[in-house]
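# Secondary and tertiary structure notes
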Amino acid sequence: GISTSVVLLLVALNGIGWYAKCQVGLLIVLVIAMISVFVGAFLPDMPNEEENMAAGFVGFGWRNQGSNFQTDPTLPEVTQNFFTVFAVFFPAVTGIMAGANLSGDLDDPSRSLPKGTLTAIAVTFVSYIALLWFVGLTCYDCVGPYCPEIATPEWAKTAEANGTLPQGGLLYNKLIMKNVSFWAPLVYIGVFAATLSSALASLVGAPRILQSVAHDKLFPWSCFNYFAKGVGAGNEPYRAYFLTFFITCAFVSIGRLDVIAPLISNFFMISYAMTNYACFASSASKAPGWRPSFKYYNKWLSGFGALLCLVVMFLIDWVTALVTVIICFAIFRYLIYINPDVNWGEAGEAKKYVNALHSLETLQFTDQTHVKTFRPQFLVLTGPLDDRVWLVKFVALLQKGRGLMVCGDIIVKRHPRASARSFIKAADDGSNTEITIGDEKEAGDDSSGQTLESMASISSDDKHHERASDLATEYELAMQRRKEGDEFLMNPSIWNRKCPGAFCEVTVAPTLFDGIQTLLQTSGIGRMRPNTIVMGFKHDWKEDSVDEVARYERAIRAGLSAHLGLMVVRDDHALLDLNMKTFTGSGSEKNSSNCLSCCRKQKPQVEVKATDNENGSKHRLGYESTHTVELTNSLDEHKVASRLKRKGTHKPDALSSTRNVIERALPSTLPGNRVDVWWLTDDGGLTMLLPHMLVQNPRFKSHSLRVMAVSTSLVVGNVEFQETERKMAHLLNKFRINAETIGVDLNLNLPVAQETISRFESLGTKLDELNNEERLKTNFQLRLSEVVRERSKDASIIFIILPIPDTGLRVRLFCSWLDMLSADMPPMVMMRGNNENVLTFFC
């Protein structure tokens, strides 16, 4: 057997041409041997009638009085039945996949494979059935003096031990076909031809499958991917050939085909079951790309074939079948876990799409969401995701309810007209929140002196063409930014596999407010739409223009007007930039040394200087003005690399020079052990629900929840806050929220401290300049800020009801309130629900 394997290996090493020639030669020999059996069945007297009868071959007619049609095949080792015989017979027809294994070497696989495979099946089936009937009708099942009337396992064992086991007949003469043939040597030659043909097909086909899998790097094992390399023009898998050869020699050394056959049958069966199931799943997914060319294909036949293969596996040998299924399932789960970077258009992906669409349809036509099934779904205004890593991480901590998170990225362009080149250059420049685009002067263009009259002479068709080009460029930029966002959400250096329930959405708009409105109206699909907006605090509100600050305040007002919850998150000290990849459960940072963040103390800058045009003046395009990328606390190593790359200064030394500045271990949770909630008014319960969800996160398991129930009075010594505290404790108990409740009296009759007033006026607004309504509201916010600083300075994070930005307020006053509340404090979430109940007494 080993010497034969060596010969077959030499044939395989000589290439696919030698393989084809050898298979043709073996086929001719096999056909001649089969013809000799069919002809010899009619000649029981050749070469010796007595010898043939002693072997069990008696020919057709009255001389065949055996019980070949009775079910009593018994051997010493085991009682035979249909499935044990099937297990031995099945490997003889496993060549059905031989063509598919060689599909890469065929000129027209889609035509050759169906035609060749079906023809081979038909010819093989007819040949084997004909041999079965010819041999069965011309031979006894047992010949000799020791043949029992009824063969039982006990008799077989006793006969073998006593040496009285019959030697003739179909059951006991394994080479009876040589007696049926008119020339016995042809049977030996045919057996060798059939064996060599099957062995050669497996030796050539299996290595090619192994080479393809290794080439696709399906498994991240260097020892496995070693077999991907081929040799010669035909890319012959020499390495895989030798591996298959050694495995073959190992099984040949066992020396008993009947022992190996059930195991081989199981392996073939599971591969056929998966092939049938893949066809069935592709059909069930109704993917337009699944268009089988076989005219008589039916998906239910494929599904039945897959089920039948599994059933037969267990009927042959349930122990071996169970082990095979467990191994295959373990490999499948492992591949899902490692998520290899391959895209074969799996049927499972198409099925997921169909299931998701069906679920959305079902969800869409259900009744209105009940308070018991409410879960927050966030629209997080992040810009490019690597600009506000901490904000995405914070919202991810609130994902206990597995709600939706849409990360919104708004690309702001100043002018509706823009050339495609200027827009692409602006995108590459990396201006992440604003891209100022005007009319670009192309190289060699003399249009710098154009008058309004000459510009107006541009034809309408040219304008439409230019606008269409701009729209295509905007779409391209949005797609590029969305791809970057998706890569961030699946970055394994930041998340455990991926950020849960998060998606990235990008829009191009003339202003930030227009972009927010677009996201509010278009984010999500069906019932899977955000119900809560999350944005960061505008730190540069004092330096920015009045228009920009007004747009920011207007965006907050628009979110509340859209009947959505709204959260403004401020984190001056990068405390929310947590390590989301590893968690020890005790706040330990020893496993997070590979996660990087940036310190607030130093802000190295990477500048891209403006270029001058021919006249020496600054170009009007925003991407050619001075841009500064600050390595703020929300950046990590991934962000620095990507930002420098977009700036065009991505060099190895540029990143290494910043590594010493930004490197520090990220904590797993916030310092301290308490989350404070300042309950000022009933907003539907969202301001209470989200802190509760936060402390349910394992990272905050050691944190307690404290609710500050605020009451307002104008009388010194009023005890109304005690009643407020009692009512709040009772409500939280009914809501099944475990929290400490403290009543706080916000006595508005007490004067605001002069230090607080001075700090407020240093923000740019004088109290004397405010009207009565604005002064009353400002006095409330200043008094509240004093009490919050007194009570919650040591909290881990603070949740507080967001003031309402009324339309009559002067610009910057609302930002002044937020700044007074949150400056130099722990991370603060200023939020407000939409007054729809999100908490219920009932389970």
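In the block above lies the structure referred to throughout.
Residues numbered from 1 in each chain as written. Predicted model: local features only at pLDDT ≥ 70, side-chain atom pairs only at ≥ 80, totals over all residues. Heavy atoms only, no water.

Glancing now at the packing of helix H9 (residues 184-215) against helix H11 (residues 238-252). Remark: H9 packs on H11, axes separated minimally by 8 Å, with the N-to-C direction vectors making an angle of 125 degrees. The angle between H9 and H11 places the two elements in the oblique class. Regarding H9 and H11, the two cross each other, and that crossing is right-handed. Between H9 and H11, the contacting residues are Leu-203, Val-204, Pro-207, Arg-208 and Leu-210 on the first element and Ala-240, Tyr-241, Leu-243, Thr-244 and Phe-245 on the second. Classifying every residue of the contact of H9 with H11 gives eight nonpolar, one polar and one charged. (Axes fitted to C-alpha atoms, helices over the stretch in contact; angles between N-to-C directions. Helix = DSSP H or I, 4+ residues; strand = E, 2+ residues; numbered from the N terminus. Parallel < 35°, antiparallel > 145°, perpendicular 65-115°, else oblique. Left-handed = near helix turned anticlockwise from the far one by under 90°. Contact = heavy atoms within 4.5 Å. Nonpolar A, V, L, I, M, F, W, Y, C, P; charged D, E, K, R; others polar.)

Attention now moves to the nonpolar core. Counting 56 residues, the largest nonpolar core has Val-392, Phe-394, Leu-489, Met-567, Met-688, Ile-797 and Phe-799 as the members making the most contacts within it. No other element matches helix H16 (residues 389-397), which puts eight residues into this core. Not counting residues within four places of it along the chain, the set of residues in contact with Val-392 comprises Thr-382, Leu-385, Met-405, Cys-407, Phe-488, Leu-489, Trp-495 and Cys-499. Among the nonpolar cores identified, the runner-up in size contains 54 residues, and Val-568, Val-787, Leu-821 and Met-828 belong to it. (Core = buried A, V, L, I, M, F, W, Y, C linked by side-chain atoms within 4.5 Å. Buried < 20%, exposed > 50% of the residue type's maximum accessible area, 1.4 Å probe, protein only.)

Turning our attention to unusual backbone geometry. Working note: non-glycine residues mostly have negative phi, and peptide bonds are mostly trans. Its identity is not glycine, yet Asp-824 carries a phi of approximately 55 degrees, on the positive side. Its identity is not glycine, yet Asn-835 carries a phi of approximately 70 degrees, on the positive side. For Asn-835, the location among the structural elements is in the segment after strand E12 (828-832). Overall, Asn-835 belongs to the exposed group, its relative accessible area being 57%.

Quick look at the packing of helix H27 (residues 772-792) against helix H28 (residues 813-822) now. It is the contact of H27 with H28, at a shortest axis distance of 8 Å, that shows an interaxial angle of 15 degrees. The angle between H27 and H28 places the two elements in the roughly parallel class. Crossing geometry of H27 relative to H28 is assigned as right-handed. Touching Glu-774, Lys-777, Thr-778, Gln-781, Leu-782, Leu-784, Ser-785 and Arg-789 of H27 are Leu-813, Trp-817, Asp-819, Met-820 and Leu-821, all from H28. Here the contact of H27 with H28 is composed, by residue class, of six nonpolar, three polar and four charged.

Take the pairing of E12 next. For E12, the tally of buried residues reaches five of five residues, placing the bulk of the element in the interior. Side chains of E12 alternate between two faces, with Met-828, Met-830 and Arg-832 and Val-829 and Met-831 buried alike. As paired strands, strand E5 (residues 565-570) and E12 are joined by five bridges and run antiparallel to one another. Opposite Leu-566, over in E12, you have Arg-832 as the bridge partner. Relative to E12, strand E11 (residues 797-801) runs parallel, the two being bridged by four bridges. Its bridge partner lying in E12, Ile-800 is registered against Met-830. (Pairing = 2+ DSSP bridges.)

We now examine helix H1 (residues 2-13). Here H1 spans 16 Å end to end across 12 residues, near enough to the 16 Å set by a 1.5 Å rise per residue. Inspection of H1 places Ser-5, Leu-8, Leu-9, Val-11, Ala-12 and Leu-13 among the buried residues, and these make up the whole buried set. In this structure, the buried side of H1 is in contact with helix H2 (16-40), H9 and H11. The first or second residue beyond H1 is Gly-15, which carries a positive phi of 105 degrees. (Expected span 1.5 Å × (residues − 1).)

Along the polypeptide, His-703 turns up in the loop between helix H24 (686-696) and strand E9 (704-713). Take His-703: its relative accessible area is 7%, and that puts it in the buried class. Discounting chain neighbours no more than four positions away, the residues touching His-703 are Thr-669, Leu-670, Pro-671, Gly-672, Asn-673, Arg-674, Val-675, Val-695 and Ser-796.

As a further point, take the side chain of Glu-553. With respect to the element layout, Glu-553 can be found in helix H21 (residues 546-561). Buried Glu-553, no salt bridge; nearest opposite-charge side chain is Arg-557, N-O distance 5.0 Å. The residues contacting Glu-553, other than those within four sequence positions of it, are Pro-805, Arg-810, Val-811, Arg-812, Leu-813, Phe-814 and Cys-815. (Lys, Arg positive; Asp, Glu negative; His and termini not counted. Salt bridge = Lys/Arg side-chain N within 4 Å of Asp/Glu carboxyl O.)

To continue, consider the pattern of salt bridges. This structure, assessed with the given rule, holds 17 salt bridges. A salt bridge links Asp-806 to Lys-777, with the shortest nitrogen-to-oxygen separation between them at 2.1 Å. Of this pair, Asp-806 sits in the loop between E11 and H28 while Lys-777 sits in helix H27, and the two are 29 residues apart along the sequence. Relative accessible area serves as the criterion here: at 28%, Asp-806 is assigned to the partly exposed category. Exposure remark for Lys-777: the relative accessible area of 24% places this residue in the partly exposed category.

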